[in-house]
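Each chain is listed here by its residues.
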Amino acid sequence: MLLKQYKTHFFDSLKNIQDEQEIESFFFILTEYLHNIKRVDVALNPNFELSDAAIEKWNTILADLQKEKPIQYITGETWFYGLRFEVNENTLIPRPETEELVEWIIESQKSKVKSQKFDILDIGTGTGCIPISLKANLPQANVSAIDVSEKALEVAKRNAASNKLEINFILTNILEAKDLNQYFDVIVSNPPYVRNLEKQEIKKNVLDYEPHLALFVEDTDALLFYRKIAQLALKNLSPNGLLFFEINQYLGKETVELLENLGFKNIELKKDIYGNDRMIKCSI
């Protein structure tokens, strides 16, 4: 079978699940993943033929896509802030909104001279996308990252190694931490923040496949992680340090009030590319 013929079958099989633009994106991701041929190569080779073994691979992946398994878990990788990251079922798939958070942090630190060392901590690191991207763009920073999941940290360590960057990874449950053991100039966290009551809004590809430990909090205490991390930041932020959070879009006002009540200053609530309240910056 020719690849162009399989493309028709591929589109027909997914048209009731995904929109055409998404299906097209999946198709060209997979031509590169399975055959190492880019979009332009597909156009230049209209008679590219698929072997029986190749068709079997395509069919297996297509069956997963019909069950709405994320393409990133199928290929085992994604791109974030211009860097390649391994992902699997133990880690959340990095989102574009989190890239905006990384950009905000980088901009806040750019005034520092190249020789000036400073310390960054990421709490709840998952794939390591935040600390690795920060280290890549702020090489003078000493960067540490915490996660409660040993399996997630294994992925994060491989991601740091593959991007040739040095990060200090720490296995710990932040909710049980009494102290962060040193001062940091930047503390950042994208903690679990989706309430159980919001599950009906979550797409099947997220709900069925991504780790719930990294996603959900109880409705009765949705700001649990923010409170704990902010309390630790009061002890462990440097005098001119900054605390950054990615937040639940529905709880911007409540998160700001929490930080105000704890005594934080210069609180800035920022919207993401979709116009939702998504991130906060503040100082002590």
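For the structure itself, look to the data block above.
Nothing here was measured: the structure is a model prediction, and the numbers come from that model.

Enquirer: So, the side chain of S149: which residues are in play, and what are the values?
Expert: For S149, the location among the structural elements is in the loop between β4 (141-147) and α8 (150-162). Judged by its relative accessible area of 16%, S149 falls in the buried class. Of note is the side chain of S149, whose polar atom sits 3.0 Å from the backbone nitrogen of A152.

Enquirer: Any details on the packing of helix α1 (residues 3-14) against helix α4 (residues 52-66)? Residues and values, ideally.
Expert: Where α1 meets α4, the axes come as close as 10 Å, and the angle between the chain directions of the two elements is 15°. Judged by the inter-axis angle, α1 sits roughly parallel to α4. Along this stretch, α1 crosses α4, giving a crossing that reads as right-handed. Across from L3, Y6, H9, F10, S13 and L14 in α1, the residues of α4 making contact are I55, W58, N59, L62, L65 and Q66.

Enquirer: Go over the environment of D12, please, and point to the residues and values.
Expert: In this structure, D12 sits in helix α1. Between the C-alpha atoms of D12 and C129, which are 117 residues apart in sequence, the distance is 35 Å.

Enquirer: Can you explain the sheet that holds strand β6 (residues 184-189)? Please cite residues and give values.
Expert: Taken together, the seven strands give an open sheet; going across it, the order is β5-β4-β3-β6-β9-β11-β10, and neighbouring strands pair in mixed fashion. Looking at the sheet topology across the chains shown, the edges are occupied by β5 (168-171) and β10 (265-271). Each neighbouring strand pair of the sheet contributes to a mean axis angle of 15°, computed without reference to strand direction. The pairing of β6 with strand β9 (residues 237-246) spans five bridges and is parallel. Bridge assignment links S189 to a residue of β9, and that residue is F245. Across the sheet, helix α11 (residues 252-262) touches β9, β10 and β11 (277-283), and the angle it forms with β11 is around 10°.

Enquirer: Describe α1, naming the residues involved and giving the relevant values.
Expert: For α1, spanning 12 residues, the distance from its first C-alpha to its last is 16 Å, which sits close to the expected 16 Å at 1.5 Å a residue. Taken together, the buried positions of α1 are L3, Y6, F10, F11, S13 and L14. End-on view of α1: buried residues confined to an arc of 160°, all on one side of the axis. Along its buried surface, α1 packs onto α2 (20-35), α3 (39-44) and α4.

Enquirer: Break down the packing of aromatic side chains for me, with residues and values.
Expert: Under the criterion given, the structure shown has nine aromatic pairs. Geometrically, the ring pair formed by F10 and F11 is edge-to-face, given 6.5 Å between the ring centres and 65° between the ring planes. When its relative accessible area of 0% is taken as the criterion, F10 is described as buried. Taken together through their ring pairs, the aromatic side chains of Y6, F10, F11, F27, F28 and W58 make up a single cluster.

Scoring rules and cut-offs
Residues numbered from 1 in each chain as written. Predicted model: local features only at pLDDT ≥ 70, side-chain atom pairs only at ≥ 80, totals over all residues. Heavy atoms only, no water. Helix = DSSP H or I, 4+ residues; strand = E, 2+ residues; numbered from the N terminus. Buried < 20%, exposed > 50% of the residue type's maximum accessible area, 1.4 Å probe, protein only. Polar contact = N/O pair within 3.5 Å; in protein donor to acceptor, adjacent residues only side chain to side chain. Axes fitted to C-alpha atoms, helices over the stretch in contact; angles between N-to-C directions. Parallel < 35°, antiparallel > 145°, perpendicular 65-115°, else oblique. Left-handed = near helix turned anticlockwise from the far one by under 90°. Contact = heavy atoms within 4.5 Å. Pairing = 2+ DSSP bridges. Expected span 1.5 Å × (residues − 1). Arc of directions from axis to C-beta. Phe/Tyr/Trp six-rings, centres within 6.5 Å; stacked < 30°, edge-to-face > 60°.

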